[in-house]
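# Analysis of the macromolecular model
Residues per chain are reported as follows:
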Amino acid sequence: MDEQTPGTPSDAPAPQGPTLFDWEFATDPYPAYAWLREHSPVHRTRLPSGVEAWLVTRYADARQALADQRLSKNPAHHAEPAHAKGKTGIPGERKAELMTHLLNIDPPDHTRLRRLVSKAFTPRRVAEFTPRVQELTDHLIDGFAAKGEADLIHEFAFPLPIYAICEMLGVPREDQDDFRDWAGMMIRHGGGPRGGVARSVKQMRTYLGELIHRKRDDLGNDLISDLIRASDHGDHLTEAEATAMAFILLFAGFETTVNLIGNGVHSLFMNPDQRALLQASLAAGEGALLATGIEELLRYDGPVELATWRFATEPLTLGGQEVAAGDPVLVVLAAADRDPDRFADPDTLDLSRTDNQHLGYGHGIHYCLGAPLARLEGQTALATLLTRLPDLELAIPPQELRWRGGLIMRGLRTLPVRFTPRNT
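Summarised in this report is the structure supplied together with it. It should be emphasised that the depicted structure is a prediction, and the values quoted were computed from it without experimental measurement.

Turning next to the sheet that holds strand β9 (residues 393–394). Note on sheets: strands pair through backbone hydrogen bonds, and any given pair is parallel or antiparallel. Strands sit in the order β4-β10-β9 across an open sheet of three strands; the sheet is antiparallel. On the outer flanks of this sheet lie β4 (149–151) and β9, each paired with one strand and no other. Inspection of the sheet shows β9 paired to strand β10 (residues 416–418) by two bridges, in the antiparallel sense. By the bridge assignment for β10, L394 is matched with V417.

On the secondary structure map, N259 appears in helix α12 (residues 239–270). Accessibility expressed as a relative area gives 1% for N259, which makes it buried. Ignoring sequence-local partners within four residues, the contact set of N259 consists of G264, P303, R404, M409, R410 and G411.

Strand order in the open sheet made by the five strands is β1-β2-β8-β5-β3, with mixed pairing throughout. Single-partner strands in this sheet number two, and they are β1 (42–46) and β3 (71–72). Relative to strand β8 (residues 328–331), strand β2 (residues 52–56) runs parallel, the two being bridged by three bridges. Bridge pairing in β8 links W54 to V329. Helix α3 (residues 59–67) contacts β1, β2, β3, β5 (310–312) and β8 of the sheet and is inclined by roughly 125° relative to β8.

Rules and cut-offs
- Residues numbered from 1 in each chain as written.
- Predicted model: local features only at pLDDT ≥ 70, side-chain atom pairs only at ≥ 80, totals over all residues.
- Heavy atoms only, no water.
- Pairing = 2+ DSSP bridges.
- Helix = DSSP H or I, 4+ residues; strand = E, 2+ residues; numbered from the N terminus.
- Buried < 20%, exposed > 50% of the residue type's maximum accessible area, 1.4 Å probe, protein only.
- Contact = heavy atoms within 4.5 Å.
- Axes fitted to C-alpha atoms, helices over the stretch in contact; angles between N-to-C directions.

Geometry only, nothing functional implied.
See the structure below:
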């Protein structure tokens with residue numbers, strides 16, 4: 001551990017804590033998080049980047065921190081210049097002039113910008129997009145159904161949300177493969193060399209800026225057009241804000257869903273009894289277990305391991321720890337969502353769980369704007385896979401699977417599967 005555990009007598013040795021953020025930890029972080037919840041629930045550690053931050057692991061503390069206005073999203077409040085050096089936040093976003101997005105700002109600017117885009121993700125508008133998500137899902141499965149094998153990450157879980165969010169933004173179809181390449185670079189280099197990510201961010205920023213200019217002369221029924229209309233009608237959305245908004249909706253809108261689908265399928269493989277229940281429910285034409293099941297998969301092994309960066313604007317007490325002004329705070333959603341003080345049998349996957357106020361998409365004013373779309377994509381993907389490929393199974397031993405390194409997201413590098421080939 002990095003410091004003496006609070007409450008440990010000074011003459012007694014501190015309990016030996018787990019190693020954090022190595023590859024073994026990435027494979028299964030939950031035992032380490034259980035130790036932290038019990039022994040050091042608000043824990044100061046040095047991250048692989050060299051930045052020191054507080055990790056918040058208990059559910060009650062996590063909810064408090066996610067809603068605490070003294071914890072700012074603006075990296076200007078960081079006591080150290082780590083953000084300018086690319087050690088916090090999205091690699092390359094500062095150099096690409098993409099800082100003014102929802103993950104980096106506080107009210108009142110956050111309130112203004114979120115209001116402008118929130119109508120694009122209302123349940124009604126997402127419901128209108130449901131047939132297109134189903135069409136994309138079927139098209140991707142058609143691409144590998146006859147082979148009898150696939151990598152579900154690269155052939156399914158990854159392209160589905162990329163194409164969906166591109167269509168919502170209004171990216172022309174002939175350009176969407178470029179976005180797929182740039183997004184793929186972000187996933188491949190998660191936790192590794194940052195240069196490739198920064199280059200992809202710059203390319204996205206250049207393209208989006210050009211697309212906004214083109215759309216001013218040809219507005220459509222898409223989110224970028226809506227942002228332009230809002231700006232033109234006096235909502236004071238600058239060109240830089242519009243570009244940054246489009247970027248963060250794309251960036252945040254694809255990897256979370258990639259991981260939701262990949263982690264969800266993996267969890268069902270590891271819990272065959274729950275998978276069998278879900279397949280029986282789908283075969284009977286019932287939707288209730290799918291709806292509660294998606295929430296349980298978000299809680300059990302969700303796509304976002306740690307909430308994005310927060311910085312204390314003043315001294316505060318969190319979980320009994322004194323946090324200094326300027327200190328970074330990272331809320332560990334994965335740890336909070338397995339807190340036994342909040343969830344019965346938290347390490348058990350129960351797709352019928354109804355008391356499930358998980359934090360998988362955050363809490364408070366920064367609750368994930370795209371959560372309704374992600375839920376739609378996750379439900380559609382799982383239901384269609386299990387219905388069309390009912391004997392789907394893992395093609396390699398589970399211990400050979402590799403998880404991507406990185407700090408915020410949790411997801412598999414690949415997910416090789418096999419099944420009985422089917423003609424489309």
